[in-house]
Amino acid sequence: MLTSGIHHVTAIAGEPQRNLEFYAGTLGVRLVKRTVNFDDPTTYHLYFGDGTGRPGSILTFFPWSGARAGRHGYGQVGVTSLAIPTASLGFWIQRLISKGIEYTGPVQRFGEAGIAFNDPDGLTLELIGSDRADALPAWEGGPVPAEHGIRGVHAVNLWEEGHAPTADFLTGTMGFREAGEEGNVRRYATSDGGPGTLVDVRDATGFWRGTMGAGAVHHVAWRAADDDAQLAMRAELITAGASATPVIDRRYFHSVYFHEPGGVLFEIATDGPGFSTDEAPSELGQSLKLPPWIEPRRASIEEALPPLHLPGSPPLSGDATDD
């Protein structure tokens, strides 16, 4: 089993408009899809990424107004790191200061400098300067100049009650290789070892178990090139003793879910069909998109969902899909 890296990271958020303003406004990433949680269509599912929603660039959120805060602890993704060009670190320090956002750093992470801060719901983020981030695209239509734009997910940091079970699973089943160690954190890499291919495992023994809620990562998705690759990976997981779900149609990719030994929810997500399957590339994120099996409920869903607007723009459209 071998993945080429991270497909997306999904987290729980609180107020949806606040979430949208922070990621599309403060961080300057593109809203590439506005849909609903297919398992709970009473709430949004917001996707952010680069100009096209390239796998590896994507952060997604389930925002519930009034959601109870989660608690950081072991059995969770403790930190989500995002890749920026090394030369852009100063720009981002100034931007966070101008927005009144507290940060720590710069700090060194495996030879790369970064800064850490929380989003409005308490999700812990890092911006890591990587010399290899320049080769990746950034959203060119947002409030952040493209030369300084976020290039996607750099790494995820798993907080575990001990290294060994998760480390053995990553290297023995998922095909990762050891890539370094700093204190109580061990790094593993796949593919070329660049941004989006890294997972850090922190030994959080003695800490409390994390709980799900606003500000907590719900799951990490790993890339499969296509449906055949995903089925082969699922078979490997089952052979290794993991309890993997059947393939689930998420409209923009197909998904298989399972828990790694430390308890973090993982997903295998296909690279396609992608976010342009029901929306022109130039119009991504503009309309509420529903899959065909939920479309008959559009009127009641739109009535229940709060209106949203991009920073400095009128409310987003609720026009019907073309399906």
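Each remark here, short or long, concerns the structure printed above.
Calculation rules
- Residues numbered from 1 in each chain as written.
- Predicted model: local features only at pLDDT ≥ 70, side-chain atom pairs only at ≥ 80, totals over all residues.
- Heavy atoms only, no water.
- Core = buried A, V, L, I, M, F, W, Y, C linked by side-chain atoms within 4.5 Å.
- Buried < 20%, exposed > 50% of the residue type's maximum accessible area, 1.4 Å probe, protein only.
- Contact = heavy atoms within 4.5 Å.
- Helix = DSSP H or I, 4+ residues; strand = E, 2+ residues; numbered from the N terminus.
- Polar contact = N/O pair within 3.5 Å; in protein donor to acceptor, adjacent residues only side chain to side chain.
- Pairing = 2+ DSSP bridges.
- Axes fitted to C-alpha atoms, helices over the stretch in contact; angles between N-to-C directions.
- Arc of directions from axis to C-beta.
- Salt bridge = Lys/Arg side-chain N within 4 Å of Asp/Glu carboxyl O.

Colleague: How should the nonpolar core be read in this particular structure?
Modeller: Nonpolar side chains in soluble globular proteins generally cluster together in the buried interior. Among the nonpolar cores identified, the biggest contains 66 residues, and Tyr23, Val156 and Trp222 are the most heavily contacted of them. Every residue in contact with Trp222, bar those within four places of it in the chain, is listed here: Thr3, Gly5, Ile6, His7, Val156, Met174, Phe176, Val199, Phe266, Glu267, Ile268 and Ala269. In terms of nonpolar packing, the next biggest core, distinct from the first, is built from 9 residues, Tyr47, Ala221, Ala269 and Phe275 among them.

Colleague: Just to check I follow, could you spell out the side chain of Thr124 for this structure?
Modeller: Within the secondary structure, Thr124 is located in strand S8 (residues 124–130). Side chain to side chain, Thr124 and Asn118 meet in a polar contact 3.2 Å long. Apart from residues no more than four positions distant in its own chain, Thr124 is found in contact with His72, Gly78, Val79, Thr80, Phe117 and Asn118.

Colleague: Help me understand the sheet that holds strand S1 (residues 6–13), please; the structure alone is not making it clear to me.
Modeller: In a beta sheet, neighbouring strands pair by backbone hydrogen bonds and run either parallel or antiparallel. The strand order S2-S3-S4-S1-S13-S16-S15-S14 describes an open sheet built from 8 strands, whose pairing is mixed. On the outer flanks of this sheet lie strand S2 (30–37) and strand S14 (248–249), each paired with one strand and no other. In this sheet, strand S15 (residues 253–259) lies alongside S14 in antiparallel orientation, the contact comprising 2 bridges. Paired with Asp249 across the strands is His254, a residue of S15. Sheet strands in contact with helix H1 (residues 16–26) are S1, S2, strand S3 (40–49) and strand S4 (58–63), and its direction is about 10° off that of S3.

Colleague: Whenever I open this one, helix H2 (residues 89–98) confuses me. Can you help?
Modeller: Because an α-helix completes one turn every 3.6 residues, residues spaced three or four positions apart along the sequence face the same direction. Here H2 has its buried residues at Leu89, Trp92, Ile93, Arg95 and Leu96. Taken around the axis of H2, the buried residues stretch over an arc of 165°, which confines them to a single face. For H2, the exposed residues set more than 90 degrees away from the buried face come down to Gln94 and Ser98. Summarising the contacts, the buried residues of H2 are in contact with H1, strand S5 (76–85), strand S6 (104–109), strand S7 (112–118) and S8. Following H2 by one or two positions, Gly100 has its phi on the positive side, about 75°.

Colleague: Before we go on, may I ask you to explain the pairing of S8 in this structure?
Modeller: Every regular strand shows the same layout, with side chains that alternate between the two sheet faces. Summarising burial for S8: 7 of the 7 residues are buried, a large majority. Covered by surrounding structure in S8 are Thr124, Glu126, Ile128 and Ser130 together with Leu125, Leu127 and Gly129, the residues of both alternating faces. Bridge analysis of S7 against S8 gives 5 bridges, and the strand direction is antiparallel. Within S8, the position partnered with Gly114 by the bridge is Ile128. Between S7 and S8, which pair antiparallel in sequence order, lie 5 residues; one of them, Gly122, sits at a positive phi of approximately 95°.

Colleague: What's the story with the pattern of salt bridges in this structure? I'm lost.
Modeller: Here the idea is simple: oppositely charged side chains can pair when their charged atoms come close. Here the structure, examined in full by the defined rule, presents 12 salt bridges. Notably, a salt bridge pairs Arg54 with Asp50, separated by 3.0 Å at the nearest N-O pair. For Asp50, a relative accessible area of 3% puts it in the buried group. A salt bridge links Arg298 to Glu295; the nearest nitrogen and oxygen atoms lie 2.7 Å apart. Since its relative accessible area comes to 8%, Arg298 is described here as buried. Each member of the salt-bridge network shares a partner with another, and the members are Lys33, Asp278 and Glu279.

Colleague: Is there a simple way to think about the sheet that holds strand S9 (residues 152–160) in this case?
Modeller: If you trace the 8 strands from one edge of the open sheet to the other, you get S6-S7-S8-S5-S9-S12-S11-S10, paired in mixed fashion. Either end of the sheet is taken by a strand with one partner, and the two such strands are S6 and strand S10 (177–182). Ignoring strand direction, the axes of neighbouring strands in this sheet form an average angle of 30°. Pairing of S5 with S8, which is carried by 6 bridges, proceeds in the parallel orientation.

Colleague: Please explain the environment of Trp208 as it appears in this structure.
Modeller: Inspection of the secondary structure assignment puts Trp208 in the loop between strand S12 (198–203) and strand S13 (217–224). Accessibility expressed as a relative area gives 44% for Trp208, which makes it partly exposed. Between the alpha carbons of Trp208 and Val156 there is a distance of 19 Å; along the sequence they are 52 residues apart. Polar contacts involving the side chain of Trp208 include one to the main-chain carbonyl oxygen of His72, which spans 2.7 Å.

Colleague: How do you make sense of helix H3 (residues 164–172) when you look at a structure like this?
Modeller: Within the span of H3, buried status applies to Thr166, Ala167, Phe169 and Leu170. The buried side chains of H3 occupy one side of the element, clustering within an arc of 165° when seen end-on. When the buried face of H3 is taken as reference, the exposed residues oriented beyond 90 degrees from it are Asp168 and Gly172. Looking at the packing, one finds that the buried side of H3 touches S9, strand S11 (185–189), S12, helix H4 (227–239), S15 and strand S16 (265–273).

Colleague: Help me understand unusual backbone geometry, please; the structure alone is not making it clear to me.
Modeller: With the exception of glycine, the majority of residues adopt a negative phi angle, and the majority of peptide bonds are in the trans configuration. In this chain, Gly105 is followed by Pro106 through a cis amide linkage whose omega measures 5°. Note on placement: Pro106 falls in strand S6. Note the cis peptide between Gly272 and Pro273, where omega equals 10°. Mapped onto the elements of the fold, Pro273 is located in strand S16. In this model, Ser191 sits at a positive phi of 50°, which is unusual for a non-glycine residue. Note on placement: Ser191 falls in the loop between S11 and S12. In this structure, Arg251 takes a positive phi of about 70° despite not being glycine.

Honestly, that's just the spatial picture; any functional story needs more than this.
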